[in-house]
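# Structure assessment
Chain by chain, the residues run as shown.
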Amino acid sequence: MLTLTCPYCGVTVEETELAPGGEAHLKRFGPGASDEDFEGYLFARKNPKGVHFERWRHAYGCGKWFLAARCTATLEVFGTYPAQTTEPPAELIVKINEKRPNWGGWK
Amino acid sequence: MSTRLAKGGRLIDRAKPLNFTFNGKPMRGYAGDTLASALLGAGQVMLGRSFKYHRPRGLVASGAEEPNALVNLGRNNRHEPDQRTTTTELFEGAEATSQNHWPSLEFDVGAINDTFYRFLPAGFYYKTFMAPRFAWKHVFEPIIRQSAGLGAAPKEADPDRYEQAYDYCDVLVVGGGVAGLAAALTEARAGKRVIVMEQTAHWGGRAPVDGGQIDGQEPESWVAAAVETLSDMANVRLMLRTMAAGLHDHGYAIGYQSVGEHAADGRPRHRLWRVRAGLTITASGAIERPIAFSGNDVPGVMLASAVRDYLVNWAVSPGDRVVVVTNNDDAYRTALAVQAAGLTVPAIIDAREAATGELPELARARGIKVMTGRGVAKVLGRKSVTGVEICAQAGEGGVIETVACDCVAMSGGWSPVVHLWSHCGGKLVWDDAAAMFRPDATRPPTGAAGEPLARVVGAANGLLQLGAIMDEAGIPAVSEVEAPLMPVWVMPAGAKEKLKFKAFLDYQNDVKVSDVQLAAREGYESVEHTKRYTTLGMASDQGKLSNINGLAILSDALGRPIPVTGTTTFRPPYTPISFGAVTGEARGELFQPLRRTPMHGWHEAKGAHWEPVGLWRRPYCYPKAGESHRTAVNREIVNTRTNVGLLDASTLGKIVVKGPDAGRFLDMLYTNMMSNLAVGKCRYGLMCNENGFLSDDGVVVRLSEDTWLCHTTSGGADRIHGWMEDWLQCEWWDWKVYTANLTEQYAQVAVVGPQARMLLEKLGGMDVSKEALPFMTFAEGTLGGFPARVFRISFSGELSYEIAVPANMGLAFWEALNAAGEEFGVMPYGTEALHVMRAEKGFIMIGDETDGTVIPQDLGLGWAISKKKEDYLGKRAQERSHMTDPKRWKLVGLETLDGSVLPDGVYAVAEGHNANGQRNTQGRVTSTYYSPMLKRGIAMGLVLNGPDRMGEVLDFPADKGAVFKAKIVDPVFYDKEGEKANV
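The rules we used
- Residues numbered from 1 in each chain as written.
- Chains lettered and ligands numbered in written order.
- Predicted model: local features only at pLDDT ≥ 70, side-chain atom pairs only at ≥ 80, totals over all residues.
- Helix = DSSP H or I, 4+ residues; strand = E, 2+ residues; numbered from the N terminus.
- Rg over C-alpha atoms; globule rule 2.2 N^0.38 Å.
- Buried ≥ 20, exposed ≤ 12 C-beta atoms within 10 Å, placed from the backbone.
- Contact = placed C-beta atoms within 7 Å.
- Domains from an automatic or database assignment.
- Nonpolar A, V, L, I, M, F, W, Y, C, P; charged D, E, K, R; others polar.
- Pairing = 2+ DSSP bridges.
- Axes fitted to C-alpha atoms, helices over the stretch in contact; angles between N-to-C directions.
- Parallel < 35°, antiparallel > 145°, perpendicular 65-115°, else oblique.
- Left-handed = near helix turned anticlockwise from the far one by under 90°.

This brings us to the overall build of chain A. Within chain A, the regular secondary structure consists of two helices and six strands. A globule of 107 residues ought to have a C-alpha radius of gyration of about 13 Å, and chain A, at 14 Å, matches this closely. The principal-axis extents of the C-alpha atoms in chain A amount to approximately 40 × 35 × 25 Å. Residues counted as buried form 25% of the 107 residues belonging to chain A. Excluding contacts between residues fewer than 6 apart, the proportion of contacts in chain A whose partners are at least 24 apart in sequence is 47%.

To continue, consider the domain arrangement of chain B. Annotation of chain B at the domain level lists domain 1 (1-158), domain 2 (160-287 + 414-464), domain 3 (290-412 + 484-495), domain 4 (503-565), domain 5 (624-874) and domain 6 (886-983). A separation of 77 Å is found between the C-alpha centroids of domain 3 of chain B and domain 6 of chain B.

Contacts between the two partners involve 22 residues from chain A and, on the opposite side, 22 residues from chain B. In terms of residue class, the side of chain A that touches chain B is built from 11 nonpolar, six polar and five charged.

Residue and element names in this part refer to chain B. Here five strands make up an open sheet; going across it, the order is β3-β2-β8-β6-β7 and the pairing mixed. Among the strands making up the open sheet, the edge pair consists of β3 (25-31) and β7 (80-84). On average, each strand axis in the sheet is tilted by 45° relative to the strand beside it, whichever way the strands run. Sheet topology note: the strand β6 (residues 70-73)/β7 ladder contains three bridges and is antiparallel. In the sheet register, Leu70 faces β7, and the bridge partner there is Arg84.

This brings us to unusual backbone geometry. All names here are of chain B. Look at the link from Met491 to Pro492: it is a cis peptide, with omega at -10°. Its location among the elements puts Pro492 in the loop between β30 (477-478) and α13 (497-500). Positive phi, normally seen in glycine, also occurs at Asn76, with a value near 50°. Inspection of the secondary structure puts Asn76 in the loop between β6 and β7. Here Asp510, not a glycine, exhibits a phi torsion of approximately 55°, which is positive. Along the chain, the position of Asp510 falls in the loop between β31 (504-506) and β32 (511-512).

Here we take up helix α8 (residues 304-314) of chain B. All names here are of chain B. In terms of burial, α8 is largely enclosed, as 11 of its 11 residues are buried. Those residues of α8 not exposed but buried are Ala304, Ser305, Ala306, Val307, Arg308, Asp309, Tyr310, Leu311, Val312, Asn313 and Trp314. Ala315 sits one or two residues past α8 and shows a positive phi near 50°.

Working note: a packed helix pair is described by the angle between its axes plus the distance between those axes. Residues and elements named next belong to chain B. Orientation of helix α14 (residues 513-521) relative to helix α15 (residues 527-534), taken along the N-to-C sense of each, is 125°, at an axis distance of 10 Å. Here α14 lies oblique to α15, going by the angle between them. Of the two possible hands of crossing, α14 and α15 adopt the one that is right-handed. For the pair α14 and α15, the contacting residues are Asp515, Val516 and Ala519 in the first and Thr530, Tyr533 and Thr534 in the second. For the contact of α14 with α15, the residue count by class is three nonpolar, two polar and one charged.

Below you can see the structure in the form of structure tokens.
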């Protein structure tokens, strides 16, 4: 059972307080999008063994969604940050580069 | 034969005898006994029969690794199967019975399997029972179920209480042996908050039995002093009888504590500890390995360490003449202990060519015969040991000498207990010299920050000698110096097939050397596959004894080194834990929280029959005395449609959406337009997910210029509120919208029926006339003194008002309506009447007409999908080719030709068969009821080209060969023109 720090509350909470929301930083495709783009948005997920950016909601706390960068193999959490962003914070990228030099980037 | 010795026993209290029974036979033990030591002390060597061959079995071990001595314990609702006698503390009145035999332990029909062992090889289930296909279900499986399996499952609810507790610590020490206690002292003195979990009822582990000196003291004295020191420290919690079951993500450890076992004093029986530990130190010790020789499972063949445990801890002699079979020095301690107890050691059989260490020399000096380079060819005896045939270890099993004995103490070396280390990803390394897998300190399990989650000390780290163990903690200690062991995986090394057929690796699953070798010959290379194929290392002991021996045999058969083969995965729990502990308090009324509407108590007092809806309980109907549910439902419907009915609709989701961008937001959320809804008006809306499938529906009300109230389904309120927040927080976070889930802030009552208006007018305070409050409008005011929001909406086709009042006035309002309505014949109605009435009108229900694969277009709800909007959630998905396929099944009404009620969920068959040989289908029933208004069955369903096939009759096969014939009709069955609501 994971522990994650809610970037809004600043508290480190047990996974039972959280609800998972799948991969983060997806770009929504709506009407007018090609079948390929829409399929990618709806179904294609990275599912990496390694660094993964994901959505979590502090469902039994403040109710806010936040994002987390986590290693799916070791469960190491590199950081959490508010969901109101289109890309991970620069300092988090630096930290991941240090810890996982060959991780291949978040896009 | 085993017996209780007249003297000794460091753990038993001879002043406190305890009575118990085994297979009904009265026996006596002492306080401090385990059930195992008490049975052995009472002379009971044979304790059960084996899983597959039904061979007689007795104790092999003295602790958690015991594979054989599992019994049924207790009776009736306290009956528990598969209780491990070695970890069960004896208690007064214990009732144990042996397992896996019929008709009796002494005479067992299934033992015939042992004669036909050649026909029950590895993977025999897979091989033998492939064909004919029907035979598995009707012949083989029933027979196997009867003859295999261990104890019988209890049939009644568990009367005991269980609980769960939470704790946090800097350091969790697993294991209360000398290594664990030393580590706890170090950490506690450094100011850390420490928890120590020990699975047995005693501190000190093996050291008090094995001897040596710690810090100039006997181990027992050092342990007592260490425990006293730790007990006095405020930052330390010492927990006996607490098995660390697992180490999980980010330092989450599970401890399984036996609290009030058989106490009947109100304490919980077990407590499950959920501990978040900064660091876990595993000091879980090591487990001795058996040696694979023919007949190594005959009752009386035990681990060498277990033999001296029974002697020293409980003063129980497993036999008068004990032959020791070993490949290492440690087992000589058993020979010395046997001799010290006044019993005989006819011989120590050592597989090594030479044994010149301190302990072998001591044994020789005490006059014990040591035979080196020798092995056991075969154990003699069936229900108990009568002797051993001795051979050259290097040979094929030619008998050199036969020695009479009644117990064989074997030792194949030791395996560190690496379970907790491995649960969360800690890696192992193969130690060739010690022939063991031990934790690789450079690759520990890691935590949230990538830090090591665990450290390992003592025998769990592969340190088997007292001096080395204590040296880690900086405490001086000495014991006899031990010479290296010689790995022995089969005895003798060139054992012939006949011997290997009875050389057991896994006692609990009856897996032999020959089975693993056969699996290798048949192409099994992965240790995980071999485990499943042969069942090696499965069941309740999970291979604690058999694992290393089995994979050594596999490696040898495949001609590769052991570390290449590797181990199977170690999974929690370390030993089985009770279902009760896992459940904790979450049973019965506490299984899940119950949500109650303000009128819940009123419904209860009126004898409502409940229907669970999410966490709510809603009245299904209100049966009167002597009335069946069916009759009650029909009465409620007829009364509502004739007079007036009241429905507690408080569970309906009520979400307020407010802000400058609220309209724009709702236009994205709903398939239809909500931004152009006029203030004071209501509109039915549909919500889809991004896959286009219908997710929820309800009436949206525009309360003011910037405020909308969204009604959701009862079960969907929290989900939809979360859904709204997801989009607002993660996608459109620049939109100015605020949402609040006000479901529990309002009680809501549907006042439904031809007399509804008269009832409200009698209460007075608001103009509820057709002119002032037309259909699909809303007004706020005071009704009968209650502040109220009145929505003129209808889910029944009747003249209907849904009225929301503050939750704390809900009951009073409900009672006021009932009192005022008496002259109009008012009656409450439940969810079933609600369902029937909506079906009579052809209204869909989320969860009946929808199942996560249905789009609004399937349900004839195209009118509720805006053509003007550029976008809404699900719009792009609904443009996909499969969603626009004209062959999608569409909603229609269904009427049986004979007026009967269609079974729910039945399919309409079409011509021909599909690729699997099943009948093709062309539709299915989604809702089906008896309509008391129409006095016949009515149904809704999804049918291929349904709306274009009005009047066609379809066949719906049901159970027992019945075929229902139903005609496709319009889904609106009652009041097709909608005149009843238009008043």
